Amino acid sequence: MYKIIITILVLVGLAVPLYGSIEIQEPSSKEGTVIGGEMGDRSLDRLRVSFLKGDYARTIRDCESLLRRSPRKGVREEAYYLIGVSCLKEGNTDKAQETFNLILKEFPNGKFLDRVHLGIGDSWFLQGDIDKALGVYNNILEKFPDSPSLSIALFRLGECYQKQGGWANARHCYERLTKEYPLSIEAGKINDILKSDEFVFTVQVGSFKDKKNAERLKGALINKGYDAYIVKGYTGQTSLYRVRVGKFNTRVSAESLERQLKDEGLPTAIFP
């Protein structure tokens, strides 16, 4: 049962990026002997555990070491996949894309195809190329209708449309997700989004664990004539009180306000 849980979590996990630098080396048939069967499976088990512990640098390093020993095809494919997802975790989106494209070339009929495409889409999304990300996510819906990753693809599509101000399309994706995949992790996130003011552009100027600090900043902004408000959110089990200003239908309007707030020395970020 433990092994099954590990496998499932590894195949669907993606996280907020942190920047890093990773070298990926090609496997060579001249180095070592072929690793297969039980030995290769044990190696993958150790790599999955490292990944789940959040030790992405070690996962990448150990996967590269395994690949240099020329494992059998199935082991190679998953090792490359773990490298690609770990690169996303580390924020190295260029190296992640390089690895995912290598998988598509070397394993055109592999068992990770849908998740590899998802990884490529996430790379574009994290790089801010929303148009390319949209194309990849829509392609997943068309080419892999039975994929267990469809709930993630729909969620990402909704996020992309929100980034572009396509509120109707975003809502359509989220509503489809909750209808077709009501038990998914992504559906659990959608309920709060559909009930919130997430279908506008706004500028965030602070995020606090202590609500009193958020209230003080909100009050100071209101006294200066800004339309400030507080949105409650969570990071894991921790409550956060986010101070935001303005609600706009276009990103251009939000960017104008952001420049004004920056001139006042406030840290800013446009949402979504």
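Residues numbered from 1 in each chain as written. Predicted model: local features only at pLDDT ≥ 70, side-chain atom pairs only at ≥ 80, totals over all residues. Heavy atoms only, no water.

### Quick look at helix 4 (residues 73-90)
Convention followed: Numbering of helices and strands runs from the N terminus; a helix is a DSSP stretch of H or I covering at least four residues, while a strand is a stretch of E covering at least two. Take the residue count of a helix, subtract one, and multiply by 1.5 Å to get its expected span. Think of it in three bands: residues with accessible area under 20% of the maximum for their type are buried, residues over 50% are exposed, and the middle band is partly exposed, with areas taken using a 1.4 Å probe on protein chains only.
Between the first and last C-alpha of helix 4 there are 26 Å, a value that for 18 residues agrees with the 26 Å anticipated at 1.5 Å per step. By the criterion of burial, helix 4 is predominantly enclosed, with 16 of the 18 residues buried. The first or second residue beyond helix 4 is glycine 91, which carries a positive phi of 85°.

### Some words on the environment of tyrosine 56
Put simply, the test is: Every residue pair with non-hydrogen atoms within 4.5 Å of one another is taken to be in contact.
Mapped onto the elements, tyrosine 56 comes out in helix 3 (residues 56-68). Excluding anything up to four places from it in sequence, tyrosine 56 contacts Phe51, Ser86, Lys89 and Glu90.

### Here we look at the sheet that holds strand 1 (residues 201-208)
The criterion, for reference: Strands were regarded as paired on the criterion that DSSP finds at least two bridges between them. For helices, the axis comes from a line fit to the C-alpha atoms of the stretch in contact; other axes are also lines fit to C-alpha atoms, and the angle between any two N-to-C directions lies between 0 and 180 degrees.
The strand order 2-3-1-4 describes an open sheet built from four strands, whose pairing is antiparallel. At either margin of the open sheet sits one strand with a lone partner, and together these are strand 2 (228-235) and strand 4 (269-271). Pairwise comparison of adjacent strand axes, ignoring direction, gives a mean angle of 40° for this sheet. Pairing of strand 2 with strand 3 (residues 238-248) involves eight bridges; the strand directions are antiparallel. Across the sheet, residue isoleucine 230 finds its bridge partner in strand 3, namely valine 243.

### So, the nonpolar core
Selection rule: Here, nonpolar core refers to any group of buried Ala, Val, Leu, Ile, Met, Phe, Trp, Tyr and Cys residues whose side-chain atoms link them within 4.5 Å.
With 69 residues, the main nonpolar core has Phe100 and Leu221 as its most contacted residues. The dominant element in this core, judged by the number of residues it contributes, is helix 4, at nine residues. Apart from residues lying up to four places away in sequence, phenylalanine 100 is in contact with Tyr81, Gly84, Val85, Leu88, Val116, Gly119, Ile120 and Ser123.

### Details of the packing of aromatic side chains
For any pair of aromatic rings, the description rests on two quantities: the centre-to-centre distance and the angle between the ring planes. Let me state the cut-off plainly: Stacked, edge-to-face and tilted labels apply to pairs of Phe, Tyr and Trp rings (six-membered ring for Trp) whose centres lie within 6.5 Å, assigned for plane angles under 30 degrees, over 60, and everything in between, in that order. For a Lys NZ or an Arg CZ to count as sitting over a ring, it must be within 6 Å of the ring centre and within 35 degrees of the ring normal.
The full count for this structure, using the stated rule, is five aromatic pairs. Measuring from ring centre to ring centre gives 6.4 Å for tyrosine 81 and phenylalanine 100, while their planes differ by 50°; the resulting arrangement is tilted. With tyrosine 81 in helix 4 and phenylalanine 100 in helix 5 (residues 93-106), the pair connects residues that are 19 residues apart, well separated along the chain. By relative accessible area, which is 3% here, tyrosine 81 ends up buried. Taken together, the ring pairs connect Tyr81, Phe100 and Phe112 into an aromatic cluster. Here the guanidinium or amino end of arginine 244 rests over the ring plane of phenylalanine 271, the centre of that ring lying 4.5 Å away. Taking the ring centre of tyrosine 229 as reference, the NZ or CZ of lysine 247 above it sits at 4.7 Å.

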